[in-house]
Amino acid sequence: MPRYQGHCHCEGVAYRLTTPEIETAMMCNCSICRRKNLVLSEPWFTPAELSFSEGFDSLSIYRWQDCDVNHLFCPTCGVHIGVSSIDSPTTVRLNLGCIDALDLTKLSIRHFNGRELL
Ligand SMILES: [Zn+2]
């Protein structure tokens, strides 16, 4: 099973991900995702698949309105790492731009109309 490595720009946050080959992603047009041009993983990864080697405990968290997710970002370089559920903070949907081995232009992108829903 492919293993991916990802990190923020300053490498203060780094992880390894074990998952079937990533071929799809999601982009959302809500007020925060569109400002980040965020390309998110479709799956939410559990600690069995996603292992942080650096920085998980130091991640900064941004929450807005009554959304039930944590937006996780590196406190040093500001790069968005992904989102986690408030109820399950170690289960993360990743910003795929942090994985160097992925060519985001080759992924099949599903567009989520968060602008209407969130
Ligand atoms: Zn960083």
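Computed from a predicted model, the values in this text were never measured in an experiment.

Criteria and cut-off values
- Numbering of residues starts from 1 in each chain and follows the order in which that chain's sequence is written.
- Per-residue local features of the predicted model are confined to residues with pLDDT of at least 70, and side-chain atom pairs are confined, for both listing and counting, to 80 or more; whole-chain, interface and lining totals are unaffected and use all residues.
- Strands are runs of DSSP state E lasting at least 2 residues, helices are runs of H or I lasting at least 4, and numbering of each runs from the N terminus.
- Our radius of gyration is a C-alpha quantity, and the globule rule it is checked against amounts to 2.2 Å times the number of residues to the power 0.38.
- Whether two residues are in contact is decided by their C-beta atoms, placed from the backbone, lying within 7 Å.
- Here exposure depends only on C-beta density: within 10 Å of a residue's C-beta, 20 or more other C-beta atoms make it buried, 12 or fewer make it exposed, and intermediate numbers make it partly exposed, the C-beta atoms being placed from the backbone.
- A strand pair is defined by DSSP finding two or more bridges across the two strands.

Asker: Give a description of the overall build of the protein chain that names residues and reports values.
Answerer: Looking only at helices and strands, the protein chain has two helices and nine strands in total. In the protein chain, the succession of helices and strands from N to C terminus is β-β-β-α-β-β-β-β-β-β-α. The C-alpha radius of gyration of the protein chain comes to 13 Å, within 12% of the 13 Å expected for a compact globule of 118 residues. Counting only C-alpha atoms and orienting by the principal axes, one finds that the protein chain spans roughly 35 × 30 × 25 Å. For the protein chain, the share of sequence-separated contacts (at least 6 apart) that also reach a separation of at least 24 residues comes to 54%.

Asker: Any chance you could break down unusual backbone geometry for me, citing the residues and the numbers?
Answerer: Despite not being glycine, Glu11 has its phi angle at roughly 70 degrees, a positive value. Looking at where Glu11 falls in the secondary structure, it is placed in the loop between β1 (3–7) and β2 (14–18).

Asker: Describe the pairing of strand β7 (residues 80–85), listing the residues and the values that go with them.
Answerer: Within β7, five of the six residues are buried, which leaves it mostly tucked inside the rest of the structure. Inspection of the sheet shows strand β6 (residues 69–73) paired to β7 by five bridges, in the antiparallel sense. Bridging from a neighbouring strand, Asn70 pairs with Ser84 of β7. Counting the residues in the hairpin turn of β6 and β7 gives six residues, including Gly78, whose phi is positive at 80 degrees. In this antiparallel pair of consecutive strands, β7 and strand β8 (residues 92–94), the connection spans six residues.

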